[in-house]
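# A closer look at the structure
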Amino acid sequence: MAYRDSTKYERMARLAIDIYIDYNITEFPTNAKDIAKRMGFDFIFYSDLDEETRALMIKLSDDGVNYPHMTGPNCIRTIYINDTIQSNGRKDTSGFHEIKHIVEYDCETDDEELNEENEDLANFFGKYMKCPIPYLIYCGYDNEFDIMSKFGVSQEMAKNVLKSMRGRIKKYNNSIFDYEVPLLELLLGDKLDKSSFSVISSKSSS
C-alpha cells in the first residue's frame, strides 16, 4: 500500500468525530443505515432490489456503491449495500465507507492512484465510525472478543482495530489528541476523567 500522509488519516478521524457530534451518536454499535438516513441519504440493501437490478449491483461492487454521482438541491444520493454476503458489522462498515465518498465527493476518477487513496481513506473512516480508537484507548479495550461484542464487528476487524490501537499506544502511550476530546466528552459525559490521560496537540504529532 502506498504511503499516506498522517494528516489525511487525521482528516478522516475529524470527519467521523464531526458526524458523531453533529448527529449526537452516543450508542454502540453504530448503525450506518440509520445515520445515512439522518444525513439525508437514501439507503437500500441489495436484497430489497429485484433480481435483475441486484445482479447489476453485484457486478458493480460486492460491497456497495452510491448513486447518482452528482450534487444539487434536488439530488438525493442513494447508498446501496450488499447484505446478501456480509455480516452486520461489514454492512455497517461498507455503509460508512460510502458515506465518506458522498461527503468528500471523491467517487471514481481517471486517476488510479487517487482512487486507491480515496478507497483506503474511506476504509479508515468506516472503521473509525464503528470503533473510534480514542474511546477504546480510554476504556482500556484489549480483547478482540470484547470489541466484537461492544461494537458489533467481525473478529477480523476487531483484530485489525486492536493492531492499530496498539501501534498508536506504542507511539503515543494512552494520550488523546486534542481534536478527539470532544468525542470522549460526548460518549462518556460525566464519567470522563480528564485527569487520567494527557492531551497532545495534533500539530505536534505529525
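We now examine the overall build of the chain. Scanning the chain for helices and strands turns up 9 helices and 5 strands. Secondary structure elements of the chain, listed N to C terminal, follow the sequence α-α-β-α-β-β-α-α-α-α-α-β-α-β. When burial is assessed residue by residue, the chain has 47% of its 206 residues classed as buried. Summarising the internal contacts of the chain: among those between residues at least 6 apart in sequence, 59% fall at separations of at least 24. Accessible surface for the chain amounts to roughly 11500 Å². Of this, 47% is attributable to carbon and sulfur atoms.

Geometry of a packed helix pair, given as the angle between the helix axes and the separation of the axes. Running from amino to carboxyl end, helix H1 (residues 6-22) crosses helix H9 (residues 181-188) at an angle of 35 degrees, the nearest separation of the two axes being 10 Å. Here the hand of the crossing between H1 and H9 comes out left-handed. When H1 is examined against H9, the residues Ile-17, Tyr-20 and Ile-21 are found in contact with a partner set consisting of Pro-182, Leu-183, Leu-186 and Leu-187. For the contact of H1 with H9, a count of residues per class yields 7 nonpolar, no polar and no charged.

What the rule picks out here adds up to 11 aromatic pairs. An angle of 50 degrees between the planes, with centres 6.4 Å apart, marks the rings of Tyr-20 and Phe-28 as tilted. Both residues of the pair, Tyr-20 and Phe-28, count as buried. Ring centres of Phe-177 and Tyr-179 lie 5.7 Å apart, and the angle between their planes is 15 degrees; this geometry places the pair in the stacked category. Here Phe-177 and Tyr-179 have matching classes, each one buried.

Residue placement: Leu-184 occurs in helix H9. Residue Leu-184 is classed as buried on the basis of its relative accessible area of 0%. With 10 residues separating them in the primary sequence, Leu-184 and Lys-194 have C-alpha atoms 9.5 Å apart. Ignoring anything within four residues of it in the chain, the contact list for Leu-184 reads Pro-134, Tyr-135, Tyr-138, Ile-176, Gly-189, Leu-192 and Phe-197.

Ile-19, Ile-99, Phe-125, Met-129, Ile-147 and Phe-151 are the most contacted members of the largest nonpolar core, which totals 51 residues. Broken down by element, this core gets its largest block of residues, 8 residues, from H1. One finds Leu-49, Met-57, Val-65 and Tyr-80 within the second-largest nonpolar core, a separate group that totals 5 residues.

Those residues of H9 lying buried are Val-181, Leu-183, Leu-184, Leu-187 and Leu-188. Down the axis of H9, the smallest arc covering the buried residues is 155 degrees, so these residues share one side. The inward-facing, buried residues of H9 contact H1, helix H5 (112-130), helix H6 (133-139), strand S4 (176-177) and strand S5 (199-200). With its phi angle positive at about 55 degrees, Gly-189 sits one or two positions after the end of H9.

Rules and cut-offs
- Residues numbered from 1 in each chain as written.
- Predicted model: local features only at pLDDT ≥ 70, side-chain atom pairs only at ≥ 80, totals over all residues.
- Heavy atoms only, no water.
- Helix = DSSP H or I, 4+ residues; strand = E, 2+ residues; numbered from the N terminus.
- Buried < 20%, exposed > 50% of the residue type's maximum accessible area, 1.4 Å probe, protein only.
- Contact = heavy atoms within 4.5 Å.
- Areas by Shrake-Rupley, 256 points an atom, 1.4 Å probe, with all protein chains shown as cover.
- Axes fitted to C-alpha atoms, helices over the stretch in contact; angles between N-to-C directions.
- Left-handed = near helix turned anticlockwise from the far one by under 90°.
- Nonpolar A, V, L, I, M, F, W, Y, C, P; charged D, E, K, R; others polar.
- Phe/Tyr/Trp six-rings, centres within 6.5 Å; stacked < 30°, edge-to-face > 60°.
- Core = buried A, V, L, I, M, F, W, Y, C linked by side-chain atoms within 4.5 Å.
- Arc of directions from axis to C-beta.

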